[in-house]
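# Per-entry structural report
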Amino acid sequence: MALKGVRKASKNPPVLSHEFVIQNHADIVSCVAMVFVLGLMFQATAPLASVFIALQHNASDPETLPSADTPITYTYGSRDAAAVFFYCLISIVMHAIIQEYILDKVNRKLHLSKTKHSMFNESGQLLIFTAVSAAWGINILVKDNLFPDITSLWAGYPEGHAQMSFMLKFFFLVQMSYWLHCYPELYFQKTKREEMSAKIQHATLYLIFCTAAYVLNFTHVALVLLTLRFIEEGLHHICRLLYFAEKAQAASTGFRIWNVVFVCCRLASIIITILTFHYGLGSADDQTLDTAAGNFNTPFIRLNALVAVCLVQAWMMWNFIHFHLRQMRERQAEQLALKKKMAERKSRKGRRDD
């Protein structure tokens, strides 16, 4: 029994301890981001703050910009790293907002186990991001006239690809920022050691793919591949959330649809990649490396890009097939165990009758 006059131990963790940082990481990061936003309000710091917030490397010529109807284009450069850092901070804050105001409220109603709780949170976060990214990607494909003309994936390279529209450049900066924020989230979310490797692998593949496409000016084909991937992955996370919510029938139907969509997206990705790098860019007149002009259309780079994308698609198909084979074995084992139990029951019943 506690004595009167003796203060109870505070439940609040010590300032700057690991627990304090984890509990308050969204507030800390939002304060850091606000420093850059406030910097725009002062004339002395506005030029520096704008490097972190606004898109840099404007490629439009002011003299040839007579009206607002002429689109402003951008290239990439070293100052994009500052924007990636700032929007990485924003991604951490948005992650915490979605977690606290959406996913945690749903979790309380579902009463999930610790394992399912972690998987539900992961699928919930990725569903929101993939849905927004897929819709955003489709919007850019339509507005930039990249759909339905498939030749736009390689036509006009490098001039037409080195200069990006505002939305296209912003899309890739957000992609790199989001997948970069996944690394500190491992610490903030107290991710278990056995779960880290899969999450790191997932984020690293996306980050390498987006960065390589951005630097090598393969943004058009990368946008199509990413949009296909986000549509398929978003559907997968919808099915997982239905499964965790114990909507077995809807989840089962959804997974069957996802199986078809997954295979179709893998085949479509391979076909688009081969058409772009082997047929389209392979038939271009200028196939010399020119970093100043943004021309990376060389046989060596094309071959590596083609092989890399096809290997990733093949690896995903292998995991898909391996997963379904494992499920078939588990179902067969369950059926055998059930038959064995039924046979034992019949034999026991027969002995009792005797």
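Here, every reference points to the structure presented above.
My aim in this report is to walk through the structure given alongside it, one point at a time. Keep in mind the model is a prediction, meaning the values are calculated, not measured. (Residues numbered from 1 in each chain as written. Predicted model: local features only at pLDDT ≥ 70, side-chain atom pairs only at ≥ 80, totals over all residues. Heavy atoms only, no water.)

## Re the overall build of the protein chain
Test applied: Helix and strand assignments come from DSSP, with helices taken as H or I runs of at least 4 residues and strands as E runs of at least 2, each series counted from the N terminus. As defined in this context, the radius of gyration uses C-alpha atoms, and a globule is described by 2.2 Å times the residue total to the power 0.38. Partly exposed residues are those whose accessible area sits between 20% and 50% of the maximum for their type, while under 20% is buried and over 50% is exposed, using a 1.4 Å probe and protein chains only. The contact rule is simple, with two residues in contact once any of their heavy atoms fall within 4.5 Å. Reported accessibility uses the Shrake-Rupley method at a 1.4 Å probe radius. Residues are deemed covered only where the shown protein chains occlude them.
Along the protein chain, the regular secondary structure elements total 11 helices and 2 strands. Shown N-terminal to C-terminal, the secondary structure of the protein chain runs as helices and strands in the order α-α-α-β-α-α-α-β-α-α-α-α-α. Expected size for 354 residues packed as a compact globule is a radius of gyration near 20 Å; at 26 Å, the protein chain overshoots this value by more than 25%. For the protein chain, the C-alpha atoms occupy an extent of roughly 100 × 70 × 35 Å along the three principal directions. Taken over 354 residues, the protein chain has a buried fraction of 38%. When contacts within the protein chain are restricted to residue pairs at least 6 apart in sequence, those whose partners lie at least 24 apart make up 71%. Taken as a whole, the protein chain presents about 21700 Å² of accessible surface, with 65% of it coming from carbon and sulfur.

## A closer look at the nonpolar core
What counts, and what does not: Nine residue types can take part in a nonpolar core, namely buried Ala, Val, Leu, Ile, Met, Phe, Trp, Tyr and Cys, and a core is a set of them joined through side-chain atoms within 4.5 Å.
One finds Phe171, Phe172, Trp179 and Phe230 to be the most contacted residues of the largest nonpolar core, which totals 60 residues. Broken down by element, the residue count for this core peaks at 11 residues, all from helix H7 (residues 166–188). Counting 7 residues, the second-largest nonpolar core is a separate cluster that includes Leu103, Leu112, Phe120 and Leu241.

## Section: unusual backbone geometry
Residue Phe147 is joined to Pro148 through a cis peptide bond whose omega torsion reads 10°. Relative to the helices and strands, Pro148 is located in the loop between helix H5 (114–143) and helix H6 (159–162). Between Tyr157 and the following residue, Pro158, the backbone shows a cis peptide bond with an omega angle of 5°. Mapped onto the elements of the fold, Pro158 is located in the loop between H5 and H6. Of note, the phi angle at His57 is positive, near 65°, even though the residue is not glycine. Assignment of secondary structure puts His57 in the loop between helix H3 (46–53) and strand S1 (73–74). Relative accessible area serves as the criterion here: at 17%, His57 is assigned to the buried category. With phi around 60°, Asn145 is a residue other than glycine that occupies positive phi space. Within the secondary structure layout, Asn145 lies in the loop between H5 and H6.

## Side note on the packing of aromatic side chains
Spelled out, the test is: Centres within 6.5 Å make a pair out of two Phe, Tyr or Trp rings, where for Trp the six-membered ring is used; the pair is then stacked when the planes are under 30 degrees apart, edge-to-face when over 60, and tilted otherwise. We count a charge as sitting over a ring when the NZ of a lysine or the CZ of an arginine lies within 6 Å of the ring centre and within 35 degrees of the ring normal.
If you walk through the whole model with that rule in mind, you get 28 aromatic pairs. Note on Phe129 and Phe230: the rings are 5.9 Å apart at their centroids and 85° apart in plane angle, and the pair reads as edge-to-face. Taken together, the residues span a long stretch of sequence, with Phe129 in helix H5 and Phe230 in helix H9 (residues 219–244) at a distance of 101 residues. When sorted by exposure, Phe129 lands in the same class as Phe230, which is buried. A centroid spacing of 5.5 Å and a plane angle of 80° characterise the contact between Phe171 and Phe172, whose relative ring orientation is edge-to-face. The burial state of Phe171 is the same as that of Phe172; both residues are buried. The ring centre of Phe262 lies 4.9 Å from the NZ or CZ of Arg266, which sits over that ring.

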